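Chain residues, written in single-letter form:
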Amino acid sequence: MRRCEVVIRKAVGLHARPAADFVRKAERFKSKVRLAKDGVWVNGKSILSILTLAAENGSVVVLEVKGEDEKEAFEALKAKLEDDT
Amino acid sequence: MSDHSGKITVGNLLSEKEKEWDLQLAAGGQGLDNHFIVTSDINRPGMALAGYTGVFLRERIQIVGSTELTYFATLSNKTASGTVRRLFGLGPPCFIVTKGLDLPSIWLEEAEHHSLPVLRTTMDTTPFIHRLCAYLDYRLAPENHIHGDLVDVFGVGLLITGESGIGKSECALDLVDRGHRLVADDAVKVIRRGTGILMGYSAAKTSFLAHHIEIRGVGIVDVYGLYGIRAIRVQKRVEVEVQLVHRKQGMDYERVGLEEQLSEILGVRIPRVTIPVVPGKNLALVLEVIAKNHVLKVFGYHPAKVFNKELMRLMNKSPRIDPFITDDQE
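Residues numbered from 1 in each chain as written. Chains lettered and ligands numbered in written order. Predicted model: local features only at pLDDT ≥ 70, side-chain atom pairs only at ≥ 80, totals over all residues. Heavy atoms only, no water.

An unreviewed UniProt entry annotates chain B as HPr kinase/phosphorylase of candidate division WOR-3 bacterium JGI_Cruoil_03_51_56. Checking UniProt for chain B, the heading Sequence similarities (unreviewed entry) contains the comment "Belongs to the HPrK/P family." (UniProt positions renumbered as here; feature names shortened; annotations may be inferred.)

Naming follows an unreviewed UniProt entry, where chain A appears as Phosphocarrier protein HPr of candidate division WOR-3 bacterium JGI_Cruoil_03_51_56. Of chain A, the UniProt comment under Subcellular location (unreviewed entry) reads exactly: "Cytoplasm".

Structure (structure tokens):
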């Protein structure tokens, strides 16, 4: 299991478009992906779940990846979250 | 919607119920944010005022009404100040004075000295206690987030679970199309009320974000926009879990309905029905039957048991031949 905290650096936060990008990436991996904000955990492969976090610019999100391909998944998804576009 | 972390500060209580309960801060405002309420039970400190502090429920809110204050007025000045000092020293989260009563100045001085909040309401004691306990029971309820959909089907709260992509959302949309009501898609917030009731809400932070469904290939669908107010609900009791699973060879599924599986959520057990998903299956129809079956069982009629009982009666006795069939010459 891999876990890290990421500060969201996207001008309008983690809105529908970047969230969809994240989910598309996450679904390519077999590992379980979870995201958390303010202690609330949601499924990282579900667009609506991620949007319920309403993670604004500057907020801290926890990424957790667990499974057989977690190494690659973790790197790829962490990069997606850290991406500032 | 408020969070349910199992504790709130006295400041939270004051800001959330200030208007509704006519609550005011009487003294000890410094302690509003570092005094926590962790239980929905309350205490009336009569025994402590009378001098007995062997058992004092210090984690509870202390409600001071006219009984306490009338008794307090009978004490001599010296006894009174010692009593109040001892009471504040016990360190409850806060005191709340009801009926808009005025507290003797020594209470207010001690409150400031200990930075221990004292609130005042104009409400009568008993109705206030009832409202306070109900509110705290809701506010302090344990909560859990569940990956699934919650739909009100014929008045029964069905929690649809199963792995990603199995068709939970499509199933929920189909149910809405048939006239049922969506509470939450994808992320359901469940809290426990009292000892045995689970209430489900959308995990979305605003009611606008709730009531959207993701349909693969289409995107985010606005259920309120498409179906109107009749298609949505803000909250619903969670009564049955319907678990959707991929049909696998060699796996056992319930064939009669006599055996009942249970799911445990926040320590509350609810019936669980496992449905194998195969292409072409009308899941919404199956879920409607699950809901109606549940209502029948709640009413004391268990279809599978009644069926089996009748079957056993037939096997044990000589067969009863229906005259309608024997007399029919056609």
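On we go from here.
Here's the deal with the interface of chain B and chain A
Contacts between chain B and chain A engage 14 residues on the former and twelve residues on the latter. For the pair chain B and chain A, the summed buried surface comes to about 1,100 Å²; carbon and sulfur atoms form 59% of the total. The largest per-residue losses of area from chain B upon contact with chain A belong to B:Asp186, B:Lys205 and B:Ile220, which jointly make up 36% of the total buried on that side. Counting across the chain B and chain A interface gives one salt bridge. Ionic pairing is found between B:Arg216 and A:Glu27, a salt bridge with its closest N-O pair at 2.8 Å. Where chain B meets chain A, there are five residue pairs in polar contact (both at pLDDT 80 or more). Where the side of chain B that touches chain A is concerned, the elements lending two or more residues are strand E8 (143-147) and strand E14 (212-215) of chain B. Looking at the side of chain B that touches chain A, the element that brings in the most residues is E14(B), giving three residues. The residue makeup of the side of chain B that touches chain A, split by class, is five nonpolar, four polar and five charged. (Contact = heavy atoms within 4.5 Å. Buried area = accessible area lost by both parts, 1.4 Å probe. Salt bridge = Lys/Arg side-chain N within 4 Å of Asp/Glu carboxyl O. Polar contact = N/O pair within 3.5 Å; in protein donor to acceptor, adjacent residues only side chain to side chain. Helix = DSSP H or I, 4+ residues; strand = E, 2+ residues; numbered from the N terminus. Nonpolar A, V, L, I, M, F, W, Y, C, P; charged D, E, K, R; others polar.)

Here we look at helix H7 (residues 168-177) of chain B
For H7(B), the tally of buried residues reaches seven of ten residues, placing the bulk of the element in the interior. Listed as buried for H7(B) are B:Lys168, B:Ser169, B:Cys171, B:Ala172, B:Leu173, B:Leu175 and B:Val176. (Buried < 20%, exposed > 50% of the residue type's maximum accessible area, 1.4 Å probe, protein only.)

Digging into the packing of helix H4 (residues 77-89) of chain B against helix H5 (residues 105-114) of chain B
Residues and elements named next belong to chain B. Where H4 meets H5, the axes come as close as 10 Å, and the angle between the chain directions of the two elements is 35°. The crossing of H4 and H5 is right-handed. Residues Ser 81, Val 84, Arg 85, Leu 87, Phe 88 and Gly 89 of H4 form the contact with H5, whose participating residues are Ile 106, Trp 107, Glu 110, Ala 111 and His 114. Here the residues of the contact of H4 with H5 sort into six nonpolar, three polar and two charged. (Axes fitted to C-alpha atoms, helices over the stretch in contact; angles between N-to-C directions. Left-handed = near helix turned anticlockwise from the far one by under 90°.)

A word on the side chain of B:Asp186
Structurally, B:Asp186 is set in the loop between strand E11 (181-184) and strand E12 (187-193). Buried and without a salt bridge, B:Asp186 has B:Lys168 as its closest oppositely charged side chain, separated by 5.9 Å. If we ignore the near neighbours within four places in the chain, the residues touching B:Asp186 are A:Ser46, A:Leu48, A:Ser49, B:Ile146, B:His147, B:Gly148 and B:Asp149. (Lys, Arg positive; Asp, Glu negative; His and termini not counted.)

As for the sheet that holds strand E7 (residues 118-121) of chain B
Residue and element names in this part refer to chain B. Spatially, the five strands line up as an open sheet ordered E2-E7-E6-E5-E4, and their pairing is mixed. Looking at the sheet topology across the chains shown, the edges are occupied by strand E2 (23-27) and strand E4 (42-43). Here three bridges tie strand E6 (residues 95-97) to E7, and the two strands are oriented parallel to one another. Across the sheet, the residue bridging to Phe 95 is Val 118, located in E7. The sheet contacts of H5 involve E2, strand E5 (61-64), E6 and E7, and relative to E2 the element is tilted by about 85°. (Pairing = 2+ DSSP bridges.)

A look at the domain arrangement of chain B
Structurally, chain B comprises domain 1 (2-139), domain 2 (143-295) and domain 3 (300-330). Computed from C-alpha atoms alone, the centre-to-centre distance between domain 1 of chain B and domain 2 of chain B is 42 Å. (Domains from an automatic or database assignment.)

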